[in-house]
Amino acid sequence: MRILGLTGGIASGKSTVSNLFKLHGVPVVDADLVARDVLKKGTGGWKKVVAAFGEDILLDTGEVDRAKLGHIVFSDPDKRQLLNRLLAPYISSGIFWEMLKLWMKGYNIIVLDIPLLFEAKMDKWTKPIIVVWVDPETQLQRLMERDRTSVEEAKNRIQAQMPLDLKKTKADIVIDNTGSHEELNERFQRVLTHVSKPLTWSEFALSRQGAFVASILVFVGVIICRKTL
């Protein structure tokens, strides 16, 4: 099983690349969606976060006001680290469960779409690692236009994440998204061709098909040993 790590920065276009993988039939485990699930009312993650941040972060429905919580943690590094520590175990478990379901369905290639891939040290699960990169000026401009925020607020949100230039140095594959959508599509097609090559033996061994072959070989080996004894 080939597990691709996909990451980037806010307003870098990572979600666009993630959607391109989906459109081409490659299943994606989206850490943001998993995080939404672990914050639903009544879950273990919800209880931890409410205990730490207080009921002021809740909507009238009892669900977490994600916008309000986001404003709190983006403006305070200590609170951001606290939130990450509280939710990390739940998010990791959710991601593994989604991976297991895809493995059981027989998929040979999956994508882990994780914004904090390096920060959460989840990069060790994936190969190759794909970073969607844009230059700082483009990232700032796109974020301001997308969220209609001030320069100061946009800079705070960008600075709350690992710099894209640093992520770029840790990548196996870099997708430059500073250009047009057409250019991004062309670069994505090249990446898709590269990552769709046949599995290596070690990747095949981790796939469902590999596990089936291994079980057959063990069964045959046991039969042969019994006949020779």
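Residues numbered from 1 in each chain as written. Predicted model: local features only at pLDDT ≥ 70, side-chain atom pairs only at ≥ 80, totals over all residues. Heavy atoms only, no water.

Taking an unreviewed UniProt entry as the reference, the protein chain is identified by name as Dephospho-CoA kinase belonging to Rhododendron griersonianum. The heading Function (unreviewed entry) in the UniProt record of the protein chain holds the text "Catalyzes the phosphorylation of the 3'-hydroxyl group of dephosphocoenzyme A to form coenzyme A." Under Sequence similarities (unreviewed entry), UniProt gives the following word-for-word description of the protein chain: "Belongs to the CoaE family." (UniProt positions renumbered as here; feature names shortened; annotations may be inferred.)

Engineer: Got a minute to help me understand the overall build of the protein chain in this structure?
Structural biologist: Looking only at helices and strands, one finds 11 helices and 5 strands in the protein chain. Among the 229 residues that make up the protein chain, the fraction classed as buried is 41%. (Helix = DSSP H or I, 4+ residues; strand = E, 2+ residues; numbered from the N terminus. Buried < 20%, exposed > 50% of the residue type's maximum accessible area, 1.4 Å probe, protein only.)

Engineer: What's the story with the nonpolar core in this structure? I'm lost.
Structural biologist: Within the largest apolar cluster, 36 residues are counted, with the highest numbers of intra-cluster contacts made by Val49, Phe53, Leu69, Ile95 and Leu112. Elements that contribute at least two residues to this core include exactly α2 (31-38), α3 (44-53), α4 (66-74), α5 (77-104), β3 (109-113) and β4 (129-133). Broken down by element, this core gets its largest block of residues, 7 residues, from α5. Residues in contact with Val49, not counting those within four places in the same chain, are Leu39, Gly54, Ile57, Leu69, Leu83, Leu86 and Leu87. (Core = buried A, V, L, I, M, F, W, Y, C linked by side-chain atoms within 4.5 Å. Contact = heavy atoms within 4.5 Å.)

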